[in-house]
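# Secondary and tertiary structure notes
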Amino acid sequence: MRRLRTWGPGLLLVSPSIILVGIFVYGLIGVNVQTSLAQTKDRITGRVTNPGGFANYANLLGDDRYQHALWNLLVLTVVFMAGTMVFGLLWAVLLERGVTGEGVFRSIYLFPMAISFVAAGVAWRWLLSPAQGADQAIGLNQLFLKLGMPWLQSSWWSDSGPFNMAAMAIPAIWQLSGYIMALFLAGFRGISDDQREAARVDGATEWQLYRHVLFPQVSPVALSALIILGHMSMKMFDLIYSIAGANSYTAEVPATFMWIQLFPQSNPTGAAANATIILAIVAVVVIPYLIYTNRTEKDGRA
């Protein structure tokens, strides 16, 4: 009874949130998984479109179009994460060293975060227009022409090559680099000046100071940033939809393919299987991070 009086009021306070999360998050995940295992037939021809069970997942993973979407997702994720981390860290280092008008630069770098992916996608759709030549080029291709560098013109994301999604990562890098910069800058500012002065007194160069003193202490920030960027890229839909359109095969990723499955193809079972696979991919990335964070917090309290 005493233990009930101790944790009972707190449990009663958070119980509405627990119930809502249980129903509308985990409950709907369960419904989605159940839907993904269903057997379905074409209403007109009676042909089996989804055999049911885990065969639905096997058929989806064996689909050439879905494999193409997974490859696009891999290219997008790698380029997006690498570019965002590099630019975010670079800007954080420059601002951390102290520059005139730091607040202005910080606001400029963070401003893209205030723009929705849809609005940014509309603008970048024009900037990344594949049209080339003096008569048709617009956006970046026209800029390269004006600068006398026509060889830099590109078909961007519309290219059918294996790395076309690298161009699709450019708008995402532009939009999220400022956020990563803010994370790293907060990490750098949390390190005391005494450590910096001690390293300089010992004769450390600026590179050695960052390499051996500052960078190791912001590694948890880097890990958190990688996890955030990783799961954002895996679920990215609105930016790609705004730039490439609803039915673009060249820029297709699992999230946009799920839209096609659900609406044009009227295949909710396949879309549910696709959503479950995306959830599993995100879980593979996030769950180890949560375990690591939990262990780190326990070690810190011990």
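Scroll up for the structure.
## Things to note about the overall build of the protein chain
Looking only at helices and strands, the protein chain features 13 helices and two strands. For a compact globule of 302 residues, the expected C-alpha radius of gyration is about 19 Å, and the protein chain comes in at 24 Å, more than 25% above that figure. Buried positions account for 35% of the 302 residues belonging to the protein chain. Across the protein chain, every contact between residues at least 6 apart in sequence was considered, and the portion connecting residues at least 24 apart equals 67%. For the protein chain, the separation between the mean place of its 19 positive charges and that of its 16 negative charges on side chains is 12 Å.

## Observations concerning the side chain of Glu-96
By the secondary structure assignment, Glu-96 is in helix H3 (residues 64-96). In terms of polar contacts, Glu-96 uses its side chain to reach the side chain of Tyr-210, at 2.5 Å. With residues near it in sequence (within four places) discarded, Glu-96 still touches Leu-185, Phe-188, Arg-189, Arg-196 and Tyr-210.

## A few points about the packing of aromatic side chains
Under the criterion given, the structure shown has 15 aromatic pairs. Ring centres of Phe-188 and Tyr-210 lie 6.1 Å apart, and the angle between their planes is 85°; this geometry places the pair in the edge-to-face category. With a gap of 22 residues between them, Phe-188 in helix H7 (residues 165-189) and Tyr-210 in helix H9 (residues 206-217) connect regions that are remote in the sequence. Here the aromatic cluster, defined as three or more aromatic residues joined through ring pairs, consists of Phe-87, Trp-91, Phe-105 and Tyr-109.

## Things to note about the nonpolar core
In terms of nonpolar packing, the biggest core is built from 48 residues, with Phe-80 and Met-168 touching the most fellow members. Mapped onto this core, the elements with two or more residues apiece are H3, helix H5 (117-127), helix H6 (139-146), H7, H9, helix H10 (219-234) and helix H11 (238-244). Residue contributions to this core peak at 12 residues, all from H7. With sequence-adjacent residues up to four places away left out, Phe-80 is seen in contact with Ala-169, Ala-172, Ile-173, Leu-176, Leu-229, Ser-233 and Met-236. Ranked by size, the runner-up nonpolar core spans seven residues in total, among them Tyr-57, Tyr-66, Ile-260 and Ala-273.

## A look at the pattern of salt bridges
Under the defined criterion, the tally for this structure stands at eight salt bridges. A salt bridge links Arg-196 to Asp-193, with the shortest nitrogen-to-oxygen separation between them at 3.6 Å. Note that Arg-196 and Asp-193 are positioned in helix H8 (residues 193-201) at a spacing of three residues, about one turn of the helix. Here the salt bridges do not stand alone but share partners, grouping Arg-97, Glu-197, Arg-200 and Glu-206 into one network.

## Section: H7
Between its first and last C-alpha, H7 extends 35 Å over 25 residues, near the 36 Å set by a 1.5 Å rise per residue. Within H7, the axis deviates most sharply at Leu-176, by approximately 35°.

## Thoughts on the packing of helix H4 (residues 102-110) against H7
Taken N-terminus to C-terminus, the directions of H4 and H7 make an angle of 140°; their axes are 8 Å apart at the nearest point. Between H4 and H7, the crossing angle belongs to the class labelled oblique. Here Glu-102, Arg-106, Tyr-109 and Leu-110 of H4 come into contact with H7, specifically with Gly-178, Tyr-179, Met-181, Ala-182, Leu-185 and Arg-189. The residue inventory of the contact of H4 with H7, partitioned by class, reads six nonpolar, one polar and three charged.

## Considering the packing of H8 against H9
Contact geometry of H8 with H9 gives a least axis separation of 10 Å together with a crossing angle of 145°. For the pair H8 and H9, the crossing hand works out as right-handed. Residues Gln-195, Arg-196, Ala-199 and Arg-200 of H8 lie in contact with H9, whose contacting residues are Glu-206, Leu-209, Val-213, Leu-214 and Gln-217. For the contact of H8 with H9, the per-class residue count stands at four nonpolar, two polar and three charged.

## Overview of unusual backbone geometry
Positive phi outside glycine occurs at Trp-156, with the angle close to 55°. Position of Trp-156 relative to the elements: it lies in the loop between H6 and H7. Taking the relative accessible area as the measure of exposure, Trp-156 reaches 12% and is therefore buried. Phi is positive for Ser-266, which is not a glycine, with a value near 50°. Here Ser-266 lies in the loop between helix H12 (254-262) and helix H13 (268-301). According to the relative accessible area criterion, Ser-266 is exposed, its value standing at 57%.

What counts and what doesn't
- Residues numbered from 1 in each chain as written.
- Predicted model: local features only at pLDDT ≥ 70, side-chain atom pairs only at ≥ 80, totals over all residues.
- Heavy atoms only, no water.
- Helix = DSSP H or I, 4+ residues; strand = E, 2+ residues; numbered from the N terminus.
- Rg over C-alpha atoms; globule rule 2.2 N^0.38 Å.
- Buried < 20%, exposed > 50% of the residue type's maximum accessible area, 1.4 Å probe, protein only.
- Contact = heavy atoms within 4.5 Å.
- Lys, Arg positive; Asp, Glu negative; His and termini not counted.
- Charge placed at Lys NZ, Arg CZ, Asp CG, Glu CD.
- Polar contact = N/O pair within 3.5 Å; in protein donor to acceptor, adjacent residues only side chain to side chain.
- Phe/Tyr/Trp six-rings, centres within 6.5 Å; stacked < 30°, edge-to-face > 60°.
- Core = buried A, V, L, I, M, F, W, Y, C linked by side-chain atoms within 4.5 Å.
- Salt bridge = Lys/Arg side-chain N within 4 Å of Asp/Glu carboxyl O.
- Expected span 1.5 Å × (residues − 1).
- Bend = angle between axes of the 7 residues up to and from the residue.
- Axes fitted to C-alpha atoms, helices over the stretch in contact; angles between N-to-C directions.
- Parallel < 35°, antiparallel > 145°, perpendicular 65-115°, else oblique.
- Nonpolar A, V, L, I, M, F, W, Y, C, P; charged D, E, K, R; others polar.
- Left-handed = near helix turned anticlockwise from the far one by under 90°.

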